[in-house]
Amino acid sequence: MLKKIILLGMMGSGKTTIGKALSKKIQLDFYDTDQIIEKECKLKIKRIFEKYGEQYFRKKEEKITLKILSYNKSSVISLGGGAFLNKKIQKQILKKTVSIWLKPNFKTIYDRCKKSNRRPLIKNNCDLKLDLKKLIKERYPFYSKANLTITLNKTPKFISMNIIKRLKKIINL
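Reading the values: rules and limits
- Residues numbered from 1 in each chain as written.
- Predicted model: local features only at pLDDT ≥ 70, side-chain atom pairs only at ≥ 80, totals over all residues.
- Heavy atoms only, no water.
- Pairing = 2+ DSSP bridges.
- Helix = DSSP H or I, 4+ residues; strand = E, 2+ residues; numbered from the N terminus.
- Axes fitted to C-alpha atoms, helices over the stretch in contact; angles between N-to-C directions.
- Contact = heavy atoms within 4.5 Å.
- Phe/Tyr/Trp six-rings, centres within 6.5 Å; stacked < 30°, edge-to-face > 60°.
- Buried < 20%, exposed > 50% of the residue type's maximum accessible area, 1.4 Å probe, protein only.
- Salt bridge = Lys/Arg side-chain N within 4 Å of Asp/Glu carboxyl O.
- Expected span 1.5 Å × (residues − 1).
- Arc of directions from axis to C-beta.

Topic: the sheet that holds strand 3 (residues 75–78)
Item 1. The 5 strands are arranged 2-3-1-4-5 in an open sheet whose pairing can be described as parallel. Two strands bound the open sheet, and with one partner strand each, they are strand 2 (29–32) and strand 5 (148–152). Between one strand and the next, the sheet's axes are offset by a mean angle of 20°, whatever the strand orientation.
Item 2. As paired strands, strand 1 (residues 4–8) and strand 3 are joined by 4 bridges and run parallel to one another. Along strand 3, the bridge assignment pairs Ile-5 with Val-76.
Item 3. Seen against the sheet, helix 2 (residues 33–41) touches strand 2 and strand 3 and runs at an angle of roughly 65° to strand 2.

Topic: the packing of aromatic side chains
Item 1. Evaluated as defined, the whole model comprises 7 aromatic pairs.
Item 2. With 4.9 Å between their ring centres and 40° between their planes, Phe-49 and Phe-57 make a pair best called tilted.
Item 3. Of the residues examined, Phe-49 reaches a relative accessible area of 13% and is grouped as buried.
Item 4. For the pair Trp-101 and Tyr-140, a centre-to-centre distance of 4.9 Å together with 75° between the ring planes defines the contact as edge-to-face. Within this pair, whereas Trp-101 is found in strand 4 (residues 98–104), its partner Tyr-140 is found in helix 7 (residues 128–143), the two being separated by 39 residues in sequence.

Points about the pattern of salt bridges
Item 1. This structure, assessed with the given rule, holds 8 salt bridges.
Item 2. The closest approach of N and O atoms between Arg-47 and Glu-50, which form a salt bridge, is 3.6 Å. One end of the pair, Arg-47, and the other, Glu-50, are both in helix 3 (residues 45–52), 3 residues apart, so they sit about a helical turn from each other.
Item 3. According to the relative accessible area criterion, Glu-50 is exposed, its value standing at 52%.
Item 4. For the salt bridge of Lys-88 with Glu-62, the shortest nitrogen-to-oxygen distance reads 3.7 Å. You can see Lys-88 sitting in helix 5 (residues 87–96) and its partner Glu-62 sitting in helix 4 (residues 54–70), a full 26 residues away along the chain.
Item 5. Classification of Glu-62 as partly exposed rests on a relative accessible area of 22%.

Description of helix 1 (residues 15–26)
Item 1. Look at helix 1: 16 Å from first C-alpha to last across 12 residues, which is about the 16 Å you get at 1.5 Å a residue.
Item 2. Among all positions in helix 1, only Lys-15, Ile-18, Gly-19, Leu-22, Ser-23 and Ile-26 are buried. Seen end-on, helix 1 carries its buried residues on one side only, within an arc spanning 130°.
Item 3. Packing partners of the buried residues in helix 1 comprise strand 1, strand 2, strand 3, strand 4, strand 5 and helix 8 (156–170).
Item 4. Gln-27, located one to two residues past helix 1, shows a positive phi value of around 55°.

Here's the deal with unusual backbone geometry
Item 1. For Gln-27, which is not a glycine, the phi torsion comes out positive at approximately 55°.
Item 2. In this structure, Lys-42 takes a positive phi of about 55° despite not being glycine.
Item 3. Locating Lys-42 in the fold gives a position in the loop between helix 2 and helix 3.
Item 4. A relative accessible area of 72% places Lys-42 in the exposed class.

Some thoughts on the pairing of strand 4
Item 1. Counting buried residues along strand 4, 6 of its 7 residues qualify, which places the element largely inside the surrounding structure.
Item 2. Relative to strand 4, strand 1 runs parallel, the two being bridged by 4 bridges. Bridging from a neighbouring strand, Ile-6 pairs with Ser-99 of strand 4.
Item 3. Bridge count for strand 4 against strand 5 is 5 bridges, and the pairing is parallel. Counterpart to Ile-100 in the pairing with strand 5 is Leu-148.

This is the structure in structure tokens:
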């Protein structure tokens, strides 16, 4: 059965790491929309935001994500944290794919974001906890539409095995 497996969730939730592990285990191509955008623009996401603004980035994200979703082959796709809020992207994902919300606890997200200066929606000299809580409040109602929710508290290998076990129940994997 032809299926695309979409990983969505907050920045720092492990979408890329788990996506790579999962795609390797089930031998499917892996796409990371943020990495594709960076490659196409020849700039890091944070720099794209600084140079062109969030609206420019979101248009590029929509174009690239919809293009990947149109590929006629099974794959594992890691979305940027805000991509699933886009109605066109969300509609395609909910209609044509198996979506998985990677949902670590707040402390995990906070710790990972605190260590990273690559997150464009996390401003320097800001209240990181407050900013993350605001993003979570905005995004979790969208993420909750995913087919599966995986709470993260193990290694990427363990999580990918858990995802495979759960996917076998809903698709012919």
